[in-house]
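Below, each chain spelled out in residue letters.
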Amino acid sequence: MNASRSVPVLDLDPFSDDFLAEPFSRHALIREAGPVVWLERYGVWAVGRHSDVFAVLMDWESFISSAGVGITDFRVQTPPRPPSIILEADPPLQTRTHKILARVLSPAALRSMRVAFETEAEQLAARIVERGTIDGAEDIARAFPLQVFPDAVGLPDEGREILPAYGNMVFNFFGPHNERFEHAMANAPAVSKAVMALCERSAVTPDGLAAGVFAAHDAGECSYAEAGMLVRSLLSAGLDTTVNSIACALVCFARFPEQWNRVRADPSIARNAFDEAVRLESPVQTFFRTVAKPVTIGGIELEDGAKLLMFLASANRDPRKWSDPDTFDVTRKTGAHVGFGAGIHRCVGEMLSKLEGEILIGALARRVARFELTAEPTLNYNNTLRGYAQIPLTIHANGKPT
Ligand code: OVV
């Protein structure tokens, strides 16, 4: 048992307000302590260097997801919602379900959404320029995905208002049973029930992403219950992540105005700028895995059954991997970041999220000269996500759009 190597032990709490208010300097401490560290407060392992986070993501046989990707071990404790059959699953189940959602979210399916996204983005950009003083978190980051994503899934107007409370529940659940967890879970049974009602075939339009999932059931690729669970995964994973990515991008553009000018000069880099914001801010900060057989990281033995925390956000700023890691550079080669994961569990909705980001940022670039922060943005504290509750902005308009 690790006789020849000393195990770095840290007493950080990655789910405390303090840590979440300024996670990045804490990530540096974790990376410097060693390839793998022991977080004594929770009795879990953690990795923060890019090479180790990436290696753990790629090795799904040693580091499984079916015991949960939060701190809760499903083999010991019953989760508050039935486990996701894609996120909280291993092959062969995850292989089959990932394939279904990958087809539903294929490039061809995404192409058909472009016009609707562009129309909504144009209207939103015109609206915020007209108003001048806005909350970027509400009026841009929440407004856009909350409109276009449920539309794309094929949800009716009634019922979708439950989605923010549901997302808050899902992403706080991955953390420990702290106050934030308790608060988010207060209404869990009612919220889950309302969301499952949206995952019935009879509840959705015949032409959206949800209909595509039910078509996979018709083709014999999954049961009806599994189709409903995959629609639930779309609703769980597709909204808060994108909302926070857009909020993070806005804060980056406000803090690095010269980078916003580069996007304005060449809106074709909007998509890369969005991806760079995901690297720099890492809207999904962390996920766990569970050790499924004895393995070593950097010569340290991890015991079967242990929980291992992956600091995706730390990997995304590891100076061993990135030059000027804390700098927002809209033309950086972002390909190696792990903000969307890596390996078999890599985000299946990545291209949809990037389509939303690209179109929204492109529309803003044609109208907005500068995003001016009129006060410090306030963080939205969450056990998994980094995002903003408020981004007080003055919008400085370009000349008239051509
Ligand atoms: C990636 C992600 C986040 C949250 C929930 C799910 C997936 C799910 O499949 O339920």
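Before any of the text, the structure's been laid out above.
Residues numbered from 1 in each chain as written. Predicted model: local features only at pLDDT ≥ 70, side-chain atom pairs only at ≥ 80, totals over all residues. Heavy atoms only, no water.

Q: It is not clear to me how the overall build of the chain should be interpreted in this structure. Could you clarify?
A: The helix and strand tally for the chain stands at 17 helices and 13 strands. Relative to the globule expectation of 21 Å for 402 residues, the C-alpha radius of gyration of the chain, 21 Å, shows essentially globular dimensions. Its C-alpha atoms give the chain principal-axis dimensions of roughly 70 × 50 × 35 Å. The burial tally for the chain puts 57% of its 402 residues in the buried class. Relative to all contacts within the chain whose residues are 6 or more apart in sequence, the contacts with residues 24 or more apart total 74%. For the chain, the exposed area adds up to about 16,500 Å²; of that, 54% sits on carbon and sulfur atoms. Distance from the positive charge centre (40 side chains) to the negative charge centre (49 side chains) of the chain: 4 Å. (Helix = DSSP H or I, 4+ residues; strand = E, 2+ residues; numbered from the N terminus. Rg over C-alpha atoms; globule rule 2.2 N^0.38 Å. Buried < 20%, exposed > 50% of the residue type's maximum accessible area, 1.4 Å probe, protein only. Contact = heavy atoms within 4.5 Å. Areas by Shrake-Rupley, 256 points an atom, 1.4 Å probe, with all protein chains shown as cover. Lys, Arg positive; Asp, Glu negative; His and termini not counted. Charge placed at Lys NZ, Arg CZ, Asp CG, Glu CD.)

Q: Mind showing me how you'd approach the packing of aromatic side chains here?
A: Think of a pair of aromatic rings as described by two things: how far the centres are apart, and how the planes are tilted against each other in angle. Under the counting rule described, the total for this entry stands at 15 aromatic pairs. Their ring planes at 75° and their centres at 5.2 Å tell us that F174 and F287 sit as a pair that is edge-to-face. Taken as a pair, F174 in the loop between α8 (163–173) and α9 (179–185) and F287 in strand β6 (residues 286–291) lie far apart in primary sequence, 113 residues in all. Each of the two residues, F174 as well as F287, counts as buried. An angle of 55° between the planes, with centres 4.6 Å apart, marks the rings of F253 and W260 as tilted. With respect to burial, F253 and W260 carry one shared label: buried. Of note, R279 hangs over the ring of W322, and the distance from its end group to the ring centre comes to 5.3 Å. (Phe/Tyr/Trp six-rings, centres within 6.5 Å; stacked < 30°, edge-to-face > 60°. Lys NZ or Arg CZ within 6 Å of the ring centre and 35° of its normal.)

Q: I tried to follow the site of the ligand on my own but got confused; where do I start?
A: Around the ligand, the structure places R81, S84, I86, L87, V170, F171, S233, S236 and A237. Between S233 and the ligand, the recorded distance is 2.6 Å, taken from a side-chain N or O atom to an oxygen atom. In isolation the ligand offers 290 Å² of accessible surface; the protein chains occlude 87% of this area. Structurally, the ligand is housed in the largest cavity. (Near = heavy atom within 4 Å. Polar contact = N/O pair within 3.5 Å; in protein donor to acceptor, adjacent residues only side chain to side chain. 1 Å grid on protein atoms, 1.4 Å probe; cavity = no way out; pocket = protein on both sides within 12 Å on 5 of 7 lines; lining within 4 Å. Sits in = over half its atoms within 2 Å of the grid points.)

Q: Hey, could you run me through the sheet that holds strand β4 (residues 63–64) in this one?
A: Backbone-to-backbone hydrogen bonds pair the strands of a sheet. The strands run either parallel or antiparallel. Sheet architecture is open: six strands sit in the order β1-β2-β3-β9-β6-β4, paired in mixed fashion. Edge positions in the open sheet fall to β1 (9–10) and β4, since each of these has one partner strand only. As paired elements, β1 and strand β2 (residues 37–39) share two bridges and run parallel to each other. Across the sheet, V9 pairs through a bridge with W38, a residue of β2. Sheet strands in contact with helix α3 (residues 50–58) are β3 (44–47), β4, β6 and β9 (307–311), and its direction is about 125° off that of β9. (Pairing = 2+ DSSP bridges. Axes fitted to C-alpha atoms, helices over the stretch in contact; angles between N-to-C directions.)

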